[in-house]
Amino acid sequence: MTASIQPNQSAPRPRRSDATRTAILAAARERFAADGYERATIRAVAADARIDPSMVMRYFGSKEGLFAAAVTLDLRLPDLARVPREEVGRALVGHFLGLWEENEELRAVLRVGVTNQAGAERMQGIFREQLLPVARQVCPDPEQAPARAALCAAQLLGLALTRYVLRLPPARELTREELVAWLGPTVQRYLTAPHP
């Protein structure tokens, strides 16, 4: 006996609400990246997504809720166990340069992080959950990992702020190779050098 195939047993079609949510999040990422947290508005995000502002509120409840949903970052940090110990600093600087170049969300979080508590908390979470475990892989003393990771973050965030947010011409004019050559040894020292 052969089984009959029902005509409506195909893969489920995406719900309209999924498409609306996706459109809102895409518009929010672009708006936060372009305007920063303070200047981005629910109305502007809704206009970009071509929906009514009440729909944004229905899905996310507030601007803070929208920001938290729109900006979920995975830094995709490399496994430093696979990197020669003397190349760790250069590997991290190169990785972060790639992220900053291609990821508008990361720039949005940086802009918001310096002006708003919600953004600062998001940056603190990224530091705690993603950067700190990487620092623990290579630090000579596990108790120093938080301080060393914070020094790396200061270096990398300072670069991002001057190059991608403030767009200082000298910082913009440096090539990727020059930045890796300048910053790689500094990050390396923060992570692996003996405590001063």
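As the structure is a computational prediction, the values presented were derived from the model and not from experiment.

Undergrad: Help me out: how do you make sense of the overall build of the chain in this one?
TA: Scanning the chain for helices and strands turns up 10 helices and zero strands. Beginning at the N terminus, the succession of helices and strands in the chain can be written as α-α-α-α-α-α-α-α-α-α. Computed over its C-alpha atoms, the radius of gyration of the chain comes to 21 Å, more than 25% above the 16 Å expected for a compact globule of 196 residues. Counting only C-alpha atoms and orienting by the principal axes, one finds that the chain spans roughly 70 × 55 × 35 Å. Of all 196 residues assigned to the chain, the portion counted as buried reaches 42%. Residue pairs in contact within the chain that sit at least 24 positions apart in sequence constitute 67% of those at least 6 positions apart. When the accessible surface of the chain is summed, it comes to about 11600 Å², and 53% of that surface belongs to carbon and sulfur atoms.

Undergrad: Honestly, unusual backbone geometry in this entry has me stumped. Any pointers?
TA: Across the chain, the bulk of peptide bonds are trans and the bulk of non-glycine residues have phi less than zero. Even without glycine at this site, Arg-50 takes up a positive phi of about 60°. Among the structural elements, Arg-50 can be located in the loop between helix H2 (42–49) and helix H3 (53–60). In this structure, Arg-76 takes a positive phi of about 50° despite not being glycine. By the element assignment, Arg-76 lies in the loop between helix H4 (63–70) and helix H5 (88–102). For Arg-76, a relative accessible area of 45% puts it in the partly exposed group.

Undergrad: It is not clear to me how H5 should be interpreted in this structure. Could you clarify?
TA: In an α-helix, one turn spans 3.6 residues, which is why side chains three or four residues apart end up on the same side. Its 15 residues place the ends of H5 21 Å apart at the C-alpha level, agreeing with the 21 Å of an ideal helix rising 1.5 Å per residue. Counting buried positions over the 15 residues of H5 gives 11, a clear majority of the element.

Undergrad: Any chance you could explain the packing of helix H1 (residues 16–39) against H4 here in plain terms?
TA: Pairs of packed helices are described in terms of their axes, by the angle between the two and the distance that separates them. As a packed pair, H1 and H4 sit with axes 9 Å apart at the nearest point and diverge in direction by 110°. Viewed along their axes, H1 and H4 adopt a mutual orientation that is roughly perpendicular. Across from Ile-24, Leu-25, Ala-28, Arg-29, Phe-32, Tyr-37 and Glu-38 in H1, the residues of H4 making contact are Lys-63, Glu-64, Leu-66, Phe-67, Ala-69 and Ala-70. Looking at the contact of H1 with H4 residue by residue, the class counts come to nine nonpolar, no polar and four charged.

Undergrad: Sorry, what's going on with the packing of helix H6 (residues 104–113) against helix H7 (residues 117–138) here?
TA: Between H6 and H7, the shortest axis-to-axis distance is 7 Å and the interhelical angle comes to 125°. If you check the angle between H6 and H7, you find them oblique. Two packed elements cross with a definite hand, and for H6 against H7 that hand is left-handed. Between H6 and H7, the residues in contact are Val-109, Leu-110, Val-112 and Gly-113 and Gly-119, Ala-120, Arg-122, Met-123 and Ile-126, respectively. Split by residue class, the contact of H6 with H7 holds six nonpolar, two polar and one charged.

Undergrad: Which parts of the structure should I look at to understand the environment of Pro-142?
TA: Tracing the chain through its elements places Pro-142 in the loop between H7 and helix H8 (145–165). Sequence separation between Pro-142 and Ile-24 is 118 residues; the distance between their C-alpha atoms is 42 Å.

Undergrad: Explanation requested: H6 in the structure shown.
TA: Of all 10 residues that make up H6, seven are buried, and the element is covered over most of its length. For H6, the set of buried residues is Glu-105, Leu-106, Arg-107, Ala-108, Val-109, Leu-110 and Val-112. For H6, the elements touching its buried residues are H1, H4, H5, H7 and H8.

Undergrad: Got a minute to help me understand the environment of Ala-118 in this structure?
TA: Checked against the element boundaries, Ala-118 lands in helix H7. In this structure Ala-118 comes out as partly exposed when scored by relative accessible area, which is 23%. In the structure, Ala-118 is positioned 50 residues away from Ala-68 in sequence and 8.0 Å away in space, judged by C-alpha atoms. Ignoring anything within four residues of it in the chain, the contact list for Ala-118 reads Glu-64 and Phe-67.

Calculation notes
- Residues numbered from 1 in each chain as written.
- Predicted model: local features only at pLDDT ≥ 70, side-chain atom pairs only at ≥ 80, totals over all residues.
- Heavy atoms only, no water.
- Helix = DSSP H or I, 4+ residues; strand = E, 2+ residues; numbered from the N terminus.
- Rg over C-alpha atoms; globule rule 2.2 N^0.38 Å.
- Buried < 20%, exposed > 50% of the residue type's maximum accessible area, 1.4 Å probe, protein only.
- Contact = heavy atoms within 4.5 Å.
- Areas by Shrake-Rupley, 256 points an atom, 1.4 Å probe, with all protein chains shown as cover.
- Expected span 1.5 Å × (residues − 1).
- Axes fitted to C-alpha atoms, helices over the stretch in contact; angles between N-to-C directions.
- Parallel < 35°, antiparallel > 145°, perpendicular 65-115°, else oblique.
- Nonpolar A, V, L, I, M, F, W, Y, C, P; charged D, E, K, R; others polar.
- Left-handed = near helix turned anticlockwise from the far one by under 90°.

All quantities given are derived from atomic positions and should not be read as evidence of function.
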